[in-house]
Amino acid sequence: MMRGMTIYLYELAWMLPSVAIPAAMLVALIVTAFGAGIHVPGVEGRVDPTKFAETAPFNEPGVVEVEPSRYEVRMIAGIWFFSPNEVRVPAGSTVTFIATSRDVIHGLALHDANINLMLLPGRVARATVQFNTPGEHLFVCHEYCGIAHHTMFGKVIVEPRQR
Ligand SMILES: [Cu+2]
C-alpha cells in the first residue's frame, strides 16, 4: 500500500505543474489581451501596390496631423527606402504608423517605441505610439530584402514642444 502511494505522489508532482503551468499561461494571455489590451499587430486592410496614387491614405503619403497632437505616418517601404524616412513630431504626440510595401516583404522596427511590423505587399500594417520626451529614434527594416537591405532605415525626431 505504501509503495503504491509513493508512486502516486511522484506522478502527482509531475501532473500538477503540467496542468498549472498551461493554466497560468492561459490566464496571463487573457489578462494581457482583454485587461491590458495588448494585441499582436494584425492586418489592417489591403491595398493594391500598383494603385497607391488612388488609394487612401497612401495617396497622401508622409506625416499628416489629423488632429491636434495626433499624427499619421503614411509610410511606403520599397527596395531600399522608407518614404518618409524622417518623421518629425512635437513631444507629447500620438503617432499612428500606417505602412505597407510596394514590392517585397519588408519590416518596420522601432525598438524605442516597441514597434515591430511586417510590411507585406498588398497589406496594410498599423501601430500607434505616444512620444512624450524629445529625442531621436532609429527605425530599420528588419526583414532581409536584398543587397542594400542594411541601408533601409530612418528616424523619428521628437522635437521639444513649442510654447
Ligand atoms: Cu527592407
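A brief report on the enclosed structure follows. (Residues numbered from 1 in each chain as written. Predicted model: local features only at pLDDT ≥ 70, side-chain atom pairs only at ≥ 80, totals over all residues. Heavy atoms only, no water.)

On to the packing of aromatic side chains. Within this structure, the stated rule accounts for two aromatic pairs. Ring centres of F52 and F58 lie 5.6 Å apart, and the angle between their planes is 55°; on these two criteria the pair is classed as tilted. On the basis of relative accessibility, which here comes to 11%, the residue F52 falls in the buried class. According to the relative accessible area criterion, F58 is buried, its value standing at 3%. On the basis of an interplanar angle of 80° and a centroid distance of 5.2 Å, the ring pair of F82 and F139 is categorised as edge-to-face. Of this pair, F82 sits in strand 4 (residues 81–83) while F139 sits in strand 10 (residues 135–140), placing them 57 residues apart in sequence. On the accessibility criterion, F139 (0% relative accessible area) is buried. (Phe/Tyr/Trp six-rings, centres within 6.5 Å; stacked < 30°, edge-to-face > 60°. Buried < 20%, exposed > 50% of the residue type's maximum accessible area, 1.4 Å probe, protein only. Helix = DSSP H or I, 4+ residues; strand = E, 2+ residues; numbered from the N terminus.)

Another aspect to go through is the coordination of the copper ion. Every protein donor of the copper ion is listed here as H106 (ND1), C141 (SG), C145 (SG) and M152 (SD), and their distances to the metal cover 2.0 to 2.5 Å. For the copper ion, the four donor atoms in the first shell make angles of 93 to 123° at the metal, so the coordination geometry reads as tetrahedral. In primary-sequence terms, the residues that donate to the copper ion follow H-x34-C-x3-C-x6-M. Classification of C145 by relative accessible area gives buried; the value is 10%. (Donors = N, O, S within 2.8 Å, 3.2 Å for Na, K, Ca; no water. Tetrahedral: all angles 85-135°; square planar, octahedral: opposite > 155°, others 65-115°.)

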